[in-house]
Protein chains: 8
Amino acid sequence: METRPDAGRERRKGAPEVIFGETKETEQILAMARGLLAGTGRAIISRMPARSLEAVRSAFEHYEMRYQEASHMMVIYTPEYNKRVTGGKVGVISAGTSDIPVAEEAAMITEEMGCRVTRIYDVGVAGLHRLIEPLRALLAEDVDAILVVAGMDGALPSVIAGLAPVPVIGVPTSVGYGMGGKGVAALLSMLQTCAPGLTVVNIDNGVGAGITAGMIANRVAHARGQRSQ
Amino acid sequence: METRPDAGRERRKGAPEVIFGETKETEQILAMARGLLAGTGRAIISRMPARSLEAVRSAFEHYEMRYQEASHMMVIYTPEYNKRVTGGKVGVISAGTSDIPVAEEAAMITEEMGCRVTRIYDVGVAGLHRLIEPLRALLAEDVDAILVVAGMDGALPSVIAGLAPVPVIGVPTSVGYGMGGKGVAALLSMLQTCAPGLTVVNIDNGVGAGITAGMIANRVAHARGQRSQ
Amino acid sequence: METRPDAGRERRKGAPEVIFGETKETEQILAMARGLLAGTGRAIISRMPARSLEAVRSAFEHYEMRYQEASHMMVIYTPEYNKRVTGGKVGVISAGTSDIPVAEEAAMITEEMGCRVTRIYDVGVAGLHRLIEPLRALLAEDVDAILVVAGMDGALPSVIAGLAPVPVIGVPTSVGYGMGGKGVAALLSMLQTCAPGLTVVNIDNGVGAGITAGMIANRVAHARGQRSQ
Amino acid sequence: METRPDAGRERRKGAPEVIFGETKETEQILAMARGLLAGTGRAIISRMPARSLEAVRSAFEHYEMRYQEASHMMVIYTPEYNKRVTGGKVGVISAGTSDIPVAEEAAMITEEMGCRVTRIYDVGVAGLHRLIEPLRALLAEDVDAILVVAGMDGALPSVIAGLAPVPVIGVPTSVGYGMGGKGVAALLSMLQTCAPGLTVVNIDNGVGAGITAGMIANRVAHARGQRSQ
Amino acid sequence: METRPDAGRERRKGAPEVIFGETKETEQILAMARGLLAGTGRAIISRMPARSLEAVRSAFEHYEMRYQEASHMMVIYTPEYNKRVTGGKVGVISAGTSDIPVAEEAAMITEEMGCRVTRIYDVGVAGLHRLIEPLRALLAEDVDAILVVAGMDGALPSVIAGLAPVPVIGVPTSVGYGMGGKGVAALLSMLQTCAPGLTVVNIDNGVGAGITAGMIANRVAHARGQRSQ
Amino acid sequence: METRPDAGRERRKGAPEVIFGETKETEQILAMARGLLAGTGRAIISRMPARSLEAVRSAFEHYEMRYQEASHMMVIYTPEYNKRVTGGKVGVISAGTSDIPVAEEAAMITEEMGCRVTRIYDVGVAGLHRLIEPLRALLAEDVDAILVVAGMDGALPSVIAGLAPVPVIGVPTSVGYGMGGKGVAALLSMLQTCAPGLTVVNIDNGVGAGITAGMIANRVAHARGQRSQ
Amino acid sequence: METRPDAGRERRKGAPEVIFGETKETEQILAMARGLLAGTGRAIISRMPARSLEAVRSAFEHYEMRYQEASHMMVIYTPEYNKRVTGGKVGVISAGTSDIPVAEEAAMITEEMGCRVTRIYDVGVAGLHRLIEPLRALLAEDVDAILVVAGMDGALPSVIAGLAPVPVIGVPTSVGYGMGGKGVAALLSMLQTCAPGLTVVNIDNGVGAGITAGMIANRVAHARGQRSQ
Amino acid sequence: METRPDAGRERRKGAPEVIFGETKETEQILAMARGLLAGTGRAIISRMPARSLEAVRSAFEHYEMRYQEASHMMVIYTPEYNKRVTGGKVGVISAGTSDIPVAEEAAMITEEMGCRVTRIYDVGVAGLHRLIEPLRALLAEDVDAILVVAGMDGALPSVIAGLAPVPVIGVPTSVGYGMGGKGVAALLSMLQTCAPGLTVVNIDNGVGAGITAGMIANRVAHARGQRSQ
Ligand SMILES: Nc1ncnc2c1ncn2[C@@H]1O[C@H](COP(=O)(O)O)[C@@H](O)[C@H]1O
Ligand SMILES: Nc1ncnc2c1ncn2[C@@H]1O[C@H](COP(=O)(O)O)[C@@H](O)[C@H]1O
Ligand SMILES: Nc1ncnc2c1ncn2[C@@H]1O[C@H](COP(=O)(O)O)[C@@H](O)[C@H]1O
Ligand SMILES: Nc1ncnc2c1ncn2[C@@H]1O[C@H](COP(=O)(O)O)[C@@H](O)[C@H]1O
Ligand SMILES: [Mg+2]
Ligand SMILES: [Mg+2]
Ligand SMILES: [Mg+2]
Ligand SMILES: [Mg+2]
Ligand SMILES: [Mg+2]
Ligand SMILES: [Mg+2]
Ligand SMILES: [Mg+2]
Ligand SMILES: [Mg+2]
């Protein structure tokens, strides 16, 4: 079954192609990873299935590799791959513990786009006092965009968009049960936000959110005149 | 068409019967109001239809009357009606301007149950700084329960339930358009709250919320040993 | 992966932090339990995953422990933990057999908040004659709040709220199949109740319901002047 | 625009054709009514639009007519129409005042099928004590089927199906606002009933419910050997 | 965990209590079956879980037993149980092969209520020519009610209700995938039927449908003066 | 506000551009109609708003015009417009009276594409006997495609697709109230069809269905070697 | 449990009966396959369950067989089966890699109806440049219909229907997670298409789409005067 | 009824407060506009109700005013208001004619934030050839963000996000009828996009989209070192 990973995407879009592992066979993942490594020097695989992890690891064991357990995301680099540092700055905030895997998926993509990421985790609205100090610090860093990752009530992105003078991207997660569970309430609440400057991606779409944050931050950084090392 | 307003409800439940005006003909409203006035000395009518307002007003023009424009709620008293003051204390908070009619519906019912109500309006999460001071004052009054009325993202009840050491009742309102609009996102977000001690009523159900708050506050007040004047 | 159990919640909110076990790794549960035991002398874990039960049991085998099989809820106490008895009184009613796990989850939380709980199980509307006598007894105890736990048609909370002069909290359960199944019909029917004084929590949210009932009962008990032993 | 009212339906199905007025022009209603009067001696029009009422009235002013205001249902008879009395017995119960129009729509159809109908209105679960006595009387009449008409929480049909030893047909009505409003919660709760012997029709479908009740009762009556007068 | 099977249901309702096996532990099933056998001489268990089948079989191996594989329904009789034959007659029609388990669940319950059941299976609307002859035969038997069991498009009940002069009960099944799958389209189509005399039960609720059909047929049979053997 | 009617569509797609009148101002309709008349010699306007009808009529009063009241569809021709007759043959069947406007919308579009249309109206499944004869005649004409237009239960398209050896296109209409009303049940039932060879368009989309039927029939006609006059 | 595969379908409808394997036992599949082989010389089984594959393979090991792994579709031929070549031409386009199984299911059915199928896979809207060239080639072949198979955003069918002058059938697939996932957004977007000449089938219904495409193409081919070999 | 427009929002968030006119009384709009004019020198009113337009116009007739008919948005300036020109550049693309009001709402807000806006309207996927040239021109301007406004199928934002190397914000509009209508399909399709770098706002939320685009563009412009005039 043929597949065509979009090796030209980074050049065209300024954002890397990402192999969505969840619904793929090990063979397909390996083939696409080889294609991207050959074409761009790097392969990013999101939601690596447990059944494929070892095969992929050993297939590329001589390459540099980065693997994030919580999100099952892997990045593989050829020796000659030249990691960019763009000067873009992004904040990633998670409401709860269970939102961390999606937050990490987003953070890693943004980092792969050359941005510096500052993380603040487990500061949900059930105890807002925990949020104030780290948020102040984050804004002091003058980040270019903030990702807010939240399941259940999805209230945190609205709170932060009400306070922060930068674009905020809400990332609902499939955390929560009962009516409005699996991220539905979180997404709807973000769509209904009464705070300005909040856009959203779909439930659990850390990759999509990370790419947008990276595009914003890199565009700002580029305007600042900063260059990759 | 016969109707049977439940004149025994207050005695049985500690909460007044309320005539739901919205779907009733003027004749029905008048008949039910007369029944309740005869049985209990008071008639409460919620969502008075515009088409019935004048007829009801003139039918009972010799009685004391209380009419709240925003919520279209009316209360009529016979001269001998003895207004209770129970000592119960309830806070009513609204997120936005458009939530005020529902907040008022709830507040009035709670007042009719003999409680003192403190209102804080238009302090939504788009600018949380507006909330802190009035909330502090409210808690200093040692209210027995707090109603939080919010449409759109419905985030405010979760924020307050995370901060206040008393039972909080979330009242979603049918404010908001698009997906999750008309109160759906607000209700779902409240149901998915990650804050403890928050229960909810249906969208726009100020009457139901006010009755529960009144029942809690009156039970506490009764335990405190306070009596009606 | 860092987690921050909210050890200050009980002091701030009058309600304990509860570790939601379902989506956590054994390591995370152990870490959070240790944190809460150190901070408050007690750790409450809801929805303990089967895979973690033994590990948690043996990790804390020298501590006093309470484990409820139906609800998979566990409470662990340090030797010096001082169990409160507040004098609060709560009734917990379940409609069917399958609703008992959620009812127990609620009952245990309420007990951990120092209240006395009276249980009435399997008295659903398919045979209302079974309900009358136990309900009369419950009201004679002068409970401060009643939790009614029901799946499928969710009719029982409305019936009870029509009869009982105390705040009723409806707890829909994910029992039932087909359209409106998994608790959806139950929740919607409770939200649409025509009985006064009924508020609800989300499907299967025994913890949330138990906390609110405990907060109401403890507030009343406190007003009554009763103290912990 | 041609229309073909099914004049043979009564012979084929034992149930009359009914002209659904709501979406029809006055011309169409008149044409269909004439067709049915010619073919069967009777025309039944449900949901007569306000705009057509007078025209239909005057077109058939020399005929016997029955018009029910609440349900906007009209029946017109030719002089030679022979009204059946089958001996079938049906009970029609409504939960609230606002459910009466649908209850009447059902009751009238059942009467037009020759059955005797006993009505009990406004006895919803918010005050179950009002139900017991009339229900006992209804069962003493040995009715062949019971229609229970309810909006909002839709709890009453389950309560009655738990008590009555005859087939119960639940008729949800579009009464109620917010989530699960317009009859959705009522229908779902009836579909999820934990009581045996309850089947349902769609929201506000008094006609469909009345026809089924009539078919059951007439089949029983026929077996009893009773004949039309 | 206490359970209270309703042994008095048959006497009160004319319909047997049925143990819903799906969500129960083997112990609970055994206990409830023993209770019903003691109270009524018969135990009916629907949706017997695979894990419990052998234990239940051997626990009651000295009793007469009836087990239907497709529907996983079991009936156990004490030696002295007196099987009724009421003279009621019911038709059960299934649209497809996959609908047979639900059809059998319904048929068995109806048989346990003493009725004679005629089955017509796999005659869906994709080839209506297959339906005509068997339906003619069924109507010639003068059945008192017809159950029509259908998933996917759910069109068959409407077709049959348009043709048959007896009450028809539609039973949607959870057959079908994609939008409207798992029985949703089937149920909605039945609720929207343009044919008279069709009522419905929830998706896969063969038990509920069978009980209603049995109640109708037994009432007719009783009126006919037929008695159990 | 600029608009760009796609005058090249017919050449590119073999299907005409159609102006969707419903959401347009009279000015916009006039401007677009002029554009299409200039570009193609014909303007087709669907769902002409009542408020625009007279203005459009008088603006083009010197042109040939075709107006269908039921569907509010208008076609305007310049004197030199050359009406095609392709030899394509299409059948249009409606289930009920209320479905005729959508059926006419589809039929007119198909006619404007040069096909001959045979109509069969009001032959729904509530009385299938009415369908058999006209369907036999339609198939004898050897139509190239059949449109089946149905609201409420949406069962008719499945019945016809089970019988007819040509592609069938289901067109759900927004007829029906309650759950699954406004065409939802009809659409879902068609999507879930167990009959082969049925594709669907959205609710009330007569235009889309008519265009597809016209494209199929014209392609067949073209292969048959027939030409426009 | 009896089953009746519709061996006359091909003669009646011009489309083969297909055994839906997913919900069937191995015995049922074998029995139905034997029936169809005897009646028509060929058996087509869609969604063969993994558990049945080997048994079916060895039961028919002396017959010619075609098995497509991605879609789990199998075709078995008796030696005397005469494969048709009708001259019909169909294009099958998939948006992504994960859509290929459904695309293959459709393609195989169309081929079994005697059509020639041209496939274009993995050309989704995330990089439209990949689509232009292959689409031009496909149209140059003068295909009679195009199937466009797409999950997630479901945008590709609208794009193609805007460009291609032949009937397009959209096939949504259950690819995608979060809100609108599992094919829901794809189906809805296709139903809402602003392009003319697009009809749809349900999510993942490759069989239904393939049959319609085959019926269109064969009708055109027949008109062209081409015959099977 | 008190209201508190957030006059400090622009300073705090870099985005102006906007008065949502739709649900407000004329008095409320006037009061809030006066408050904002006093506090910030400018008042922006979205969705001005027809009933309030003249009153607002004459109340501020001596002020400079900008009113956009399609979107019913008004901006009022005090004489001393100093209009910013930030150097930010934003593209606004609409798929259809009916999407223009929402597109204008977004464009105006972005302009009020000091950005230059380039508009491309009515270039939907039903005729993609119309899009290519204007998009090329837009990218040549090096815009900082693109808003894509689309109803119905909502396919255009995915197409553009696949081509453009800048952040794209999808704005679904409530255009479209039937299933997925009123913007639901458009929103879901955007959430399910397979193109990278697309975030969304709720249906018809031009204001929210415009603010985010303005925040991105202004941040980039600020980094470029450009200043307001
Ligand atoms: N976890 C993810 N969530 C959302 N989008 C993803 C994810 N991983 C990859 N993608 C995107 O999905 C597109 C389709 O993936 P594929 O099926 O691998 O062709 C890729 O081009 C990625 O941009
Ligand atoms: N605005 C309201 N919202 C919710 N419930 C109400 C409202 N007004 C009245 N009710 C309750 O609805 C019940 C039914 O009302 P009625 O239709 O007047 O018999 C009354 O007994 C009230 O307790
Ligand atoms: N109020 C009603 N509710 C449900 N069905 C109805 C109603 N009135 C008429 N009907 C049925 O709907 C069918 C379709 O009606 P028509 O559109 O008049 O052909 C009729 O044959 C009646 O059996
Ligand atoms: N994968 C499939 N998707 C949709 N329809 C199918 C599929 N496979 C078989 N069918 C059709 O479904 C009908 C019902 O199948 P069965 O349950 O085997 O009687 C058959 O007659 C086929 O036309
Ligand atoms: Mg936490
Ligand atoms: Mg405000
Ligand atoms: Mg029970
Ligand atoms: Mg009442
Ligand atoms: Mg079959
Ligand atoms: Mg008709
Ligand atoms: Mg791909
Ligand atoms: Mg256009």
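Computed from a predicted model, the values in this text were never measured in an experiment.

1. Topic: the arrangement of the chains
The least C-alpha distance between chain A and chain F, which are not in contact, is 19 Å. At no point do chain C and chain G touch; the closest pair of C-alpha atoms across them sits 18 Å apart.

2. Section: the relation of the copies chain A and chain H
Note on the identical chains: chain A maps onto chain H by a rotation of 180 degrees and an axial translation of 0.0 Å, with an RMSD of 0.0 Å. The transformation relating the two chain copies, once decomposed into turn and shift, fits a two-fold axis. For chain A, the residue whose C-alpha comes nearest the rotation axis is Val220 of chain A, separated from it by 2.3 Å. When you check the interface residues of chain A against chain H, 100% turn up at the interface there too, and the contact is symmetric in its surfaces.

3. Observations concerning the relation of the copies chain A and chain G
Mapping chain A onto chain G calls for a screw motion: a turn of 90 degrees about the axis and a shift of 0.0 Å along it, with 0.0 Å RMSD after fitting. The superposition operator between the copies reduces to a four-fold rotation axis.

4. Here we look at helix α4 (residues 100-112) of chain C
Residue and element names in this part refer to chain C. For α4, which comprises 13 residues, the first-to-last C-alpha distance of 18 Å matches the rise-based estimate of 18 Å (1.5 Å per residue) to within 8%. Across the 13 residues that make up α4, a large majority, 11, are buried. Every buried residue belonging to α4 is among Ile100, Val102, Ala103, Glu104, Glu105, Ala106, Ala107, Met108, Ile109, Thr110 and Glu112, and all of these are buried. Two residues or fewer past α4, Gly114 is found with a positive phi of approximately 95 degrees.

5. Topic: the sheet that holds strand β4 (residues 73-77) of chain E
Residues and elements named next belong to chain E. Overall, mixed pairing links the four strands, which are arranged β1-β2-β4-β3 in an open sheet. Each edge of the sheet is formed by a strand with only one pairing partner; in this case those strands are β1 (19-20) and β3 (64-68). With four bridges joining them, strand β2 (residues 42-46) and β4 adopt antiparallel strand pairing. Counterpart to Ala43 in the pairing with β4 is Ile76.

6. Description of the interface of chain A and chain G
A common way to state how big an interface is: give the accessible area lost once the parts meet. The partner chain G presents 14 residues to the 19 residues of chain A that form the contact. Between chain A and chain G, the buried area comes to about 1,400 Å², and carbon and sulfur atoms account for 56% of it. The tally of links between chain A and chain G comes to zero salt bridges. Where chain A meets chain G, there are four residue pairs in polar contact (both at pLDDT 80 or more).

7. Here's the deal with the side chain of Asn218 of chain E
Residue and element names in this part refer to chain E. By secondary structure assignment, the location of Asn218 is in helix α8 (residues 206-224). Here the side chain of Asn218 touches Thr86 through a polar contact of 2.6 Å, side chain to side chain. Those residues in contact with Asn218 that sit more than four places away from it in its chain are Arg84, Thr86, Gly88, Met113 and Cys115.

8. Some words on the site of ligand 4
Lining the immediate environment of ligand 4, one finds Tyr177 of chain E together with Arg9, Glu17, Val18, Phe20, Lys24, Met32, Ser46, Arg47, Glu105, Asn205 and Val207 of chain G. At the site occupied by ligand 4, nearby residues are drawn from chains E and G. In the environment of ligand 4, an oxygen atom lies 2.3 Å from a nitrogen or oxygen atom belonging to the side chain of Glu17 of chain G. Ser46 of chain G has a polar side-chain atom sitting 2.7 Å from a nitrogen atom of ligand 4. A per-class count over the shell around ligand 4 returns five nonpolar, two polar and five charged. Each of two domains, domain 1 (16-77) and domain 2 (89-223) of chain G, supplies a minimum of three residues to the shell around ligand 4.

9. Details of the sheet that holds strand β2 (residues 42-46) of chain H
Residue and element names in this part refer to chain H. Strand order in the open sheet formed by four strands is β1-β2-β4-β3, and the pairing between neighbours is mixed. Two strands in the sheet have a free side with no partner beyond their single neighbour: β1 (19-20) and β3 (64-68). Across five bridges, β3 lies against strand β4 (residues 73-77) in antiparallel orientation. Bridge assignment links Met65 to a residue of β4, and that residue is Ile76. Helix α4 (residues 100-112) contacts β2, β3 and β4 of the sheet and is inclined by roughly 20 degrees relative to β4.

10. Brief notes about the interface of chain A and chain H
Counting residues at the interface gives 33 residues for chain A and 33 residues for chain H. Summing the contributions of chain A and of chain H, the shared interface buries around 2,900 Å²; its carbon and sulfur component is 58%. Together, Lys13, Leu191 and Arg219 of chain A form the three largest contributors to the area buried by chain A at its contact with chain H, with a combined 24%. Counting the contacts that link chain A with chain H gives four salt bridges. In this structure, Asp142 of chain H engages Arg219 of chain A in a salt bridge whose closest nitrogen and oxygen atoms are separated by 2.9 Å. At the boundary of chain A and chain H, one finds 16 residue pairs in polar contact (both at pLDDT 80 or more). At the level of secondary structure, the elements contributing two or more residues to the side of chain A that touches chain H comprise α1 (9-13), α7 (184-191), β9 (198-200) and α8 (206-224) of chain A.

11. Observations concerning helix α8 (residues 206-224) of chain F
Spanning 19 residues, α8 of chain F covers 26 Å between terminal C-alpha atoms, matching the ideal 27 Å at 1.5 Å per step. Note on α8 of chain F: the residue one or two positions beyond its end, Gly225 of chain F, has a positive phi of about 90 degrees.

12. A few points about the domain arrangement of chain A
Residues and elements named next belong to chain A. Under the domain assignment, chain A is made up of domain 1 (9-77) and domain 2 (89-223). Centre-to-centre separation of domain 1 and domain 2, based on C-alpha positions: 24 Å. Domain 1 puts 16 residues into the contact, and the matching count from domain 2 is 12 residues. Three residues stand out in domain 1 for area buried against domain 2, namely Arg47, Arg66 and Met73, and they jointly supply 34% of the buried area on that side. Here domain 1 and domain 2 share four salt bridges between them. Here Arg66 ties to Glu112 by a salt bridge, and the two come within 2.9 Å at their closest N and O atoms. Only β2 (42-46), β3 (64-68) and β4 (73-77) provide two or more residues apiece to the side of domain 1 that touches domain 2. Of the residues assigned to the side of domain 1 that touches domain 2, the class counts are eight nonpolar, four polar and four charged.

Analysis parameters
All residue numbers here refer to positions counted from 1 along the written sequence of the relevant chain. All chains are assigned letters beginning with A, and all ligands numbers beginning with 1, in the order in which they are written. Selection of residues for local features in this predicted model requires a pLDDT of at least 70, selection of side-chain atom pairs for listing and counting requires 80 or more, and totals for whole chains, interfaces and linings are taken over all residues. To get the side-chain values, all heavy atoms of the structure are used, and hydrogens and water are removed first. Every residue pair with non-hydrogen atoms within 4.5 Å of one another is taken to be in contact. Only residues with pLDDT of at least 70 in both copies contribute their C-alpha atoms to the least-squares superposition of the copies. In this text, helices come from DSSP runs of H or I with a minimum length of four residues, and strands from runs of E with a minimum of two, each type numbered from the N-terminal end. Expected helix span is given by 1.5 Å per residue-to-residue step, counting one fewer step than there are residues. The rule is simple: take the accessible area with a 1.4 Å probe, protein chains only, and divide by the maximum for that residue type; under 20% is buried, over 50% is exposed, in between is partly exposed. Note: two strands are recorded as paired if DSSP finds a minimum of 2 bridges between them. When two parts are brought into contact, each loses some accessible area as probed by a 1.4 Å sphere; the total of that loss over both is the buried area. What counts as a salt bridge is simple: a side-chain nitrogen of Lys or Arg found within 4 Å of a carboxyl oxygen of Asp or Glu. By the criterion applied in these results, polar contacts are pairs of N or O atoms within 3.5 Å in which, for protein atoms, one can donate a hydrogen and the other can accept it, and in which residues neighboring in sequence qualify only through two side-chain atoms. Only heavy atoms are used to decide nearness, and a residue is near a molecule or strand if one of them lies within 4 Å of it. We call Asp, Glu, Lys and Arg charged. Ala, Val, Leu, Ile, Met, Phe, Trp, Tyr, Cys and Pro are nonpolar, and the rest, Gly among them, are polar. What marks off one domain from the next here is an automatic or database domain assignment. For helices, the fitted axis covers only the stretch in contact; all axes are lines through C-alpha atoms, and the angles between them, taken along N-to-C directions, range from 0 to 180 degrees.

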